[in-house]
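Single-letter residue listing:
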Amino acid sequence: MSNSHAARDIDTSRPHSARMYDYYLGGKDHFDVDKQAAETVASVYPGIFTCARENRAFMHRATRVLAQEHGIRQWLDIGTGIPTEPNLHQVAQAVVPEARVVYADNDPLVLKYAERLMRSMPQGRTTYIEADINEPAALLEAPELSEVLDLSRPVALSMNALMHFVTDAQDPYGIVARLLDALPSGSALALSHCTPDFDPPTWEKVTAIYTNAGTPVQFRSQKDVARFFTGLDLLDPGITVGHRWRPDADNAGTAATDAEVSLWTGVGIKP
């Protein structure tokens, strides 16, 4: 992390998706402009708070499953967002203390709090890269990545609530394919993605709120989310709503509806 990056001004004149997500999760790392935009979303889609919580819970479960059942010891988490405990490395290292995690995001506010992501177990390692999902080659070539991850061994590519911020014009499927191409057999993709499938009129309003705030979004159908997993072996139960993917004691009692969650999730293994 360079000082020039760390010194970049944080734009508080318009809402930012990472800070809005922090508000949905009940965090404190956001500004009034983010709170106002988030509450506008909540006024048309009250389920957004449930969606955010279930997205986070899916990340926890997917990370544990990959560590416990598939021998994954390395993660590349893109679109990390503002740190919220437990963070991915804390979940992974609770299972395998030697787990290594590279976090990547392009928000200077996330960079400001990145030291929270560096508190690794001594057996493992973590780092943070400032990178843009639209530039996968630059991300993969970052020296910090190769210092922490061994790309000759399986890596879990974690992309939670990220790809709906990449519109079709930005080649989202090409971006994911480029990242997966760099990873060896046995690697994994864990992905969650908001969807309009259960309530299209509401999600049209949500799309307008984000777009008008300067953040283009494209929420996708189950079929379109499944395209991200082309060529991978999907783990059971396939592409399913967030709270229905491998429920455990943490969420077995959730009374959330599919429409409240409105989040497709899946985990696939690269053959």
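Because the structure is predicted, anything quoted here is derived from the model rather than measured. (Residues numbered from 1 in each chain as written. Predicted model: local features only at pLDDT ≥ 70, side-chain atom pairs only at ≥ 80, totals over all residues. Heavy atoms only, no water.)

### Focus: the nonpolar core
Next up, step 1: Of all hydrophobic cores here, the largest spans 56 residues; its most connected members are Tyr24, Met159 and Leu189.
Next up, step 2: Of all the elements, helix 9 (residues 172-181) adds the most residues to this core, at five residues.
Next up, step 3: With near-sequence residues (within four places) excluded, Tyr24 lies in contact with Ala38, Val41, Ile48, Phe49, Ala52 and Tyr210.
Next up, step 4: Listed in part, the 30 residues of the second largest apolar core include Ala18, Val65, Val101 and Tyr113. (Core = buried A, V, L, I, M, F, W, Y, C linked by side-chain atoms within 4.5 Å. Buried < 20%, exposed > 50% of the residue type's maximum accessible area, 1.4 Å probe, protein only. Helix = DSSP H or I, 4+ residues; strand = E, 2+ residues; numbered from the N terminus. Contact = heavy atoms within 4.5 Å.)

### Brief notes about the packing of aromatic side chains
Next up, step 1: Across all of its chains, the model carries eight aromatic pairs by this definition.
Next up, step 2: Measuring from centroid to centroid gives 4.7 Å for Trp203 and Phe219, while their planes differ by 75°, and the two rings are edge-to-face. Of this pair, Trp203 sits in helix 10 (residues 200-212) while Phe219 sits in the loop between helix 10 and helix 11 (222-226); the two residues are 16 residues apart in sequence, bridging distant segments of the chain. For the pair shown, Trp203 and Phe219 are each scored as buried.
Next up, step 3: Taken together, the aromatic side chains of Tyr23, Tyr24 and Phe49 make up a single cluster linked through ring pairs.
Next up, step 4: Directly above the ring of Tyr173 sits Arg227, whose terminal nitrogen or CZ lies 3.8 Å from the centroid.
Next up, step 5: One residue, Arg246, lies across the ring of Trp245, its end atom 5.2 Å from the ring centre. (Phe/Tyr/Trp six-rings, centres within 6.5 Å; stacked < 30°, edge-to-face > 60°. Lys NZ or Arg CZ within 6 Å of the ring centre and 35° of its normal.)

### Observations concerning the packing of helix 2 (residues 17-24) against helix 4 (residues 48-69)
Angle between the axes and distance between the axes: these two values describe a pair of packed helices.
Next up, step 1: Two numbers describe how helix 2 lies on helix 4: the axes approach to 9 Å, and their chain directions differ by 95°. As summarised for this structure, helix 2 and helix 4 are arranged roughly perpendicular, according to the angle between their axes. Across the interface between the two elements, Tyr21, Tyr23 and Tyr24 of helix 2 pack against Ile48, Phe49, Ala52, Asn55 and Arg56 of helix 4.
Next up, step 2: Split by residue class, the contact of helix 2 with helix 4 holds six nonpolar, one polar and one charged. (Axes fitted to C-alpha atoms, helices over the stretch in contact; angles between N-to-C directions. Parallel < 35°, antiparallel > 145°, perpendicular 65-115°, else oblique. Nonpolar A, V, L, I, M, F, W, Y, C, P; charged D, E, K, R; others polar.)

### A short note on the packing of helix 4 against helix 5 (residues 88-95)
Next up, step 1: Direction vectors running N to C along helix 4 and helix 5 enclose 35°, while the axes themselves pass 9 Å from each other. Handedness of the crossing formed by helix 4 with helix 5: right-handed. Of helix 5, the residues touching helix 4 (which contributes Met59, His60, Thr63, Arg64, Ala67 and Gln68) are Leu88, Val91, Ala92 and Val95.
Next up, step 2: The residue inventory of the contact of helix 4 with helix 5, partitioned by class, reads six nonpolar, three polar and one charged. (Left-handed = near helix turned anticlockwise from the far one by under 90°.)

### Remarks on the environment of Asp199
Next up, step 1: The topology assignment puts Asp199 in the loop between strand 5 (188-194) and helix 10.
Next up, step 2: Taking the C-alpha atoms as reference points, Asp199 and Ser158, 41 residues apart in sequence, are found 26 Å from one another.

### A look at helix 4
A turn of α-helix holds 3.6 residues, and therefore any two residues three or four places apart point the same way.
Next up, step 1: Helix length check: helix 4 (22 residues) gives 31 Å between terminal C-alpha atoms against 32 Å at 1.5 Å per residue, within 8%.
Next up, step 2: In terms of burial, helix 4 is a largely internal element, 17 of the 22 residues being buried.
Next up, step 3: Just past helix 4, the residue Gly71 takes up positive phi, approximately 70°. (Expected span 1.5 Å × (residues − 1).)

### So, the confidence of the model for the chain
Next up, step 1: Averaged over all residues, the pLDDT of the chain is 91; the fraction at 70 or higher stands at 95%.
Next up, step 2: A low-confidence stretch, residues 1-7 stays under pLDDT 50, and its non-local contacts, those more than four residues away or across chains, total eight contacts. (pLDDT = per-residue confidence, 0-100.)

### Quick look at the pairing of strand 5
The two faces of a sheet get side chains in turn, since along a regular strand they alternate between them.
Next up, step 1: Within strand 5, seven of the seven residues are buried, which leaves it mostly tucked inside the rest of the structure.
Next up, step 2: Bridge analysis of strand 4 (residues 156-160) against strand 5 gives five bridges, and the strand direction is parallel. Looking at the pairing, Asn160 lines up with Ser192 of strand 5.
Next up, step 3: Crossover strand 4 to strand 5 through helix 9 is right-handed.
Next up, step 4: Pairing geometry for strand 5 and strand 8 (residues 263-269), over seven bridges, is antiparallel. The residue bridging His193 from the neighbouring strand is Trp264, located in strand 8. (Pairing = 2+ DSSP bridges. Right-handed = clockwise from strand over helix to strand, strands pointing away.)

### Quick notes on the pattern of salt bridges
Next up, step 1: Under the definition given, this model contains six salt bridges.
Next up, step 2: For Asp34, the salt bridge identified is with Arg19, shortest N-O distance 2.7 Å. You can see Asp34 sitting in helix 3 (residues 32-44) and its partner Arg19 sitting in helix 2, a full 15 residues away along the chain.
Next up, step 3: For Glu69, the salt bridge goes to Arg246, with nearest N and O atoms at 3.4 Å. (Salt bridge = Lys/Arg side-chain N within 4 Å of Asp/Glu carboxyl O.)

### A closer look at the state of the cysteines
Next up, step 1: On inspection of all chains with the given rule, the structure shows zero disulfides.
Next up, step 2: Of all cysteine sulfurs in the structure, the one in Cys51 sits closest to Cys194, which takes part in no disulfide; the separation is 3.8 Å.
Next up, step 3: The class for Cys194 is buried, based on a relative accessible area of 7%. (Disulfide = S-S within 2.5 Å.)

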